[in-house]
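Commentary on secondary and tertiary structure
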Amino acid sequence: MKKVLLHICCGVCALASLKRLKKEGFYVEGFFYNPNIQPFTEYLKRKETALAVHNLNKINMIEGAYNLKQWLDICRKYKDEKEGGLRCRRCYELRLKETAKVCKEKEFDYFTTTLSISPYKRSEAIIEIGEILGKKKFLAVDFKKQEGFKETISLAKKHQFYRQNYCGCIYSKSKLKAKDRK
Ligand code: SF4
């Protein structure tokens, strides 16, 4: 059985992504690495939900470092970019680079990310970055296809998991509209 390290952006996005990979016959472990999430209390809340999703699926979750300073050093200069622009590209790169590193260290066959499940994120950019970083080690899955987002939200509602209403960084939080996104 091939081993996949799945980067987890949050528990909700992990629900349908994990289901799909398991259905396709992969052995999966999650990698919660998100130094973009602010404030830290929100990080803890999302980590707790991610852990609950892993427990539900009886799989292991590896937690990466919360290196917020590194994230700010890379992304702060793009603070005025719209969501989906250059700041997000750098943010995807940082998280996928670390996932590729852990994939190699822990001898997984492949890595991929739940990031592509969100309709607010550009799957083409995520897949392009993954392929540059991981070459054949990157599993190019667009989780939003096959109604992935709809399914993940429905599973989150069923299990009553916490659903955040902004992407993660302070810049996305400050642009939050009254209407919930998820
Ligand atoms: S909006 Fe989301 S993907 Fe973009 S930089 Fe902020 S946390 Fe990262």
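Description of the structure in this document. Here the structure is a predicted model, which means the values were calculated and not measured.

Definitions and cut-offs
- Residues numbered from 1 in each chain as written.
- Predicted model: local features only at pLDDT ≥ 70, side-chain atom pairs only at ≥ 80, totals over all residues.
- Core = buried A, V, L, I, M, F, W, Y, C linked by C-beta atoms within 7 Å.
- Buried ≥ 20, exposed ≤ 12 C-beta atoms within 10 Å, placed from the backbone.
- Contact = placed C-beta atoms within 7 Å.
- Helix = DSSP H or I, 4+ residues; strand = E, 2+ residues; numbered from the N terminus.
- Expected span 1.5 Å × (residues − 1).
- Pairing = 2+ DSSP bridges.
- Right-handed = clockwise from strand over helix to strand, strands pointing away.
- Arc of directions from axis to C-beta.
- Near = placed C-beta within 6 Å.
- Axes fitted to C-alpha atoms, helices over the stretch in contact; angles between N-to-C directions.
- Left-handed = near helix turned anticlockwise from the far one by under 90°.
- Nonpolar A, V, L, I, M, F, W, Y, C, P; charged D, E, K, R; others polar.

**A look at the nonpolar core**
With 47 residues, the main nonpolar core has V4, L6, I8, A14 and F111 as its most contacted residues. What I8 contacts, discounting residues up to four positions off in sequence, is A14, G30, F31, F32, A50 and T114.

**Things to note about unusual backbone geometry**
The residue after Q38, namely P39, is reached through a cis peptide bond having omega -5°. In this structure, P39 sits in the loop between β2 (27-32) and α2 (40-57).

**Observations concerning α2**
Between its terminal C-alpha atoms α2 stretches 26 Å, which fits the 26 Å expected from 18 residues at 1.5 Å a residue. Looking at the buried side of α2, the elements it contacts are β1 (3-8), α1 (11-23), β2 and β3 (61-63). Immediately downstream of α2, the backbone of K58 shows phi near 55°, a positive value.

**Topic: the pairing of β1**
The buried fraction of β1 is high, at five of six residues. Pairing of β1 with β2, which is carried by six bridges, proceeds in the parallel orientation. In the sheet register, V4 faces β2, and the bridge partner there is V28. What joins β1 to β2 is α1, and the crossover it makes is right-handed.

**Here's the deal with helix α6 (residues 148-159)**
Side chains three or four residues apart in an α-helix point the same way, a direct result of the helix having 3.6 residues per turn. When the terminal C-alpha atoms of α6 are compared, their 17 Å separation across twelve residues agrees well with the 16 Å that a helix rising 1.5 Å per residue should span. Residues G148, F149, T152 and A156 constitute the buried set of α6. When α6 is viewed along its axis, its buried side chains cluster within an angular range of 95° and face the same direction. Residues of α6 that are exposed and point over 90 degrees away from its buried face: K150, K157 and K158.

**A few points about the site of the ligand**
Close to the ligand lie N36, C75, E83, R87, C88, C91, C167, G168, C169, Y171 and S172, which account for all nearby residues. Elements with a minimum of two residues in the shell around the ligand: α4 (86-105) and α7 (170-174).

**What about the packing of α1 against α6?**
Contact geometry for α1 and α6: axes closest at 8 Å, N-to-C directions at 115°. In this structure, α1 crosses over α6, and the sense of that crossing is right-handed. In contact with V12, C13, L15 and A16 of α1, α6 contributes G148, E151, T152, L155 and A156. Each residue belonging to the contact of α1 with α6 can be placed in one class, and the counts come to six nonpolar, two polar and one charged.

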